[in-house]
2 protein chains.
Amino acid sequence: MVQDSIRTLQAQGHKATKPRKLVLEVLEETEKPLSPYDIKRILRARGKYLNHVTIYRILNLLCSLNLAHKMLSSGGFVKCSLDAIEGCHRFMVCQHCGAIQEFADKELCQEENDFAQNFGFHTEHHLSEFSGLCSQCYRK
Amino acid sequence: MVQDSIRTLQAQGHKATKPRKLVLEVLEETEKPLSPYDIKRILRARGKYLNHVTIYRILNLLCSLNLAHKMLSSGGFVKCSLDAIEGCHRFMVCQHCGAIQEFADKELCQEENDFAQNFGFHTEHHLSEFSGLCSQCYRK
DNA sequence: GGGCTAATTGTAATAATGTTGCATTTAGCC
DNA sequence: GGCTAAATGCAACATTATTACAATTAGCCC
Ligand SMILES: [Mn+2]
Ligand SMILES: [Mn+2]
Ligand SMILES: [Zn+2]
Ligand SMILES: [Zn+2]
């Protein structure tokens, strides 16, 4: 919910501005990764004008608060729906329809940590992205 | 080894050109993610001049043959050292020194496939990146 | 509600990154 | 050593991203 994100913003001392609400709404409705200029175009089509500099700044802020995430493969931004496990960002991306599905799994984190440990590597953050077909697209 | 990559190139019907060797050498020596323009700068400092368009094209080719990989988090390119499991690209990145370590693990792939299956998602490709500290940097 | 002020946004200019079409060069082959 | 398809270079352009500073606004106080 956009409203939840707004509350988190305010709880951290940031203002609930109109541009921030607009960006959050677009991300929430679209449910697909969007570039800053995608967001600008979508808003323009609705008669709302945001400067691209503003959009960049808003996306940076949202990511720093884990309210949005920059997709690894495409570089597009999505709204985070889960309270991610600290430093862990995982998504499935349908390569047919583009829909994304966020997920989290403590066990997977643990196994990855153990695995890396074998290399002497001390893991702090996990990023992972699966691409494939969502259930709807797979049926076809 | 650069020589291995060159052989793979030729085996696939591509030419072993001087620019391709230069790009492979830089990637191999550096062992850190590099942008196309990073590569251009490094070569220029050595008195070698490659057009950025050429570098883009070489990196595209190398990635399409799985001889290089575009890092998820930074967008930089690295030389692949392993014959990756089909459609699976995994790296650890030291957030202190920037060194990267490629890895592969069939079991992890299987677990991820199973996990996604619970969402009805049919996984084809796995991308993952851990960030943390390599053994050297961790000791300090 | 109306003013105050720090936070936020807009503007303009610039930098960095990436792409395209076509001329020129070169690797691999005979 | 020539031939030719493949690869590279060049020029122009398009897109994406950042910076400095001016204008606006959200949240707060009264
Ligand atoms: Mn993230
Ligand atoms: Mn790859
Ligand atoms: Zn789908
Ligand atoms: Zn390190």
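These lines cover the structure that appears in this document, whether it is placed above or below. (Residues numbered from 1 in each chain as written. Chains lettered and ligands numbered in written order. Predicted model: local features only at pLDDT ≥ 70, side-chain atom pairs only at ≥ 80, totals over all residues. Heavy atoms only, no water.)

A word on the coordination of the manganese ion (ligand 2). Residue and element names in this part refer to chain B. In this structure, His69 (ND1) and His89 (ND1) serve as the protein donors to the manganese ion (ligand 2), at separations of 2.1 to 2.7 Å. With His69 in strand E1 (residues 68-70) and His89 in strand E3 (residues 88-94), the pair connects residues that are 20 residues apart, well separated along the chain. Judged by relative accessible area, His89 falls into the buried class, the value being 13%. (Donors = N, O, S within 2.8 Å, 3.2 Å for Na, K, Ca; no water. Helix = DSSP H or I, 4+ residues; strand = E, 2+ residues; numbered from the N terminus. Buried < 20%, exposed > 50% of the residue type's maximum accessible area, 1.4 Å probe, protein only.)

Attention shifts here to helix H2 (residues 18-30) of chain A. All names here are of chain A. With 13 residues, H2 should reach 18 Å at 1.5 Å per residue; the first-to-last C-alpha distance of 18 Å fits that figure. Among all positions of H2, only Arg20, Leu22, Val23, Leu24, Val26 and Leu27 are buried. Each element contacted by the buried residues of H2 is listed here: helix H1 (2-11), helix H3 (36-45), helix H4 (52-64), strand E1 (68-70) and strand E2 (77-79). Two residues or fewer past H2, Glu31 is found with a positive phi of approximately 60 degrees. (Expected span 1.5 Å × (residues − 1). Contact = heavy atoms within 4.5 Å.)

Turning our attention to the protein's contact with DNA strand D. In the vicinity of DNA strand D there are 21 residues, among which Ala16 and Tyr56 of chain A together with Thr17, Thr54 and Arg57 of chain B approach most closely. At the protein interface, 60% of the atoms of DNA strand D within 4 Å belong to sugar or phosphate. Note that a phosphate oxygen of DNA strand D is positioned 3.5 Å from one of the side-chain N or O atoms of His14 of chain B. When contributions to the surface near DNA strand D are tallied by element, the ones reaching two or more residues are H3 and H4 of chain A together with helix H2 (18-30) and helix H4 (52-64) of chain B. Counting residues per element, the surface near DNA strand D draws most heavily on H4 of chain B, which supplies four residues. Looking at the surface near DNA strand D residue by residue, the class counts come to 10 nonpolar, seven polar and four charged. (Near = heavy atom within 4 Å. Polar contact = N/O pair within 3.5 Å; in protein donor to acceptor, adjacent residues only side chain to side chain. Nonpolar A, V, L, I, M, F, W, Y, C, P; charged D, E, K, R; others polar.)

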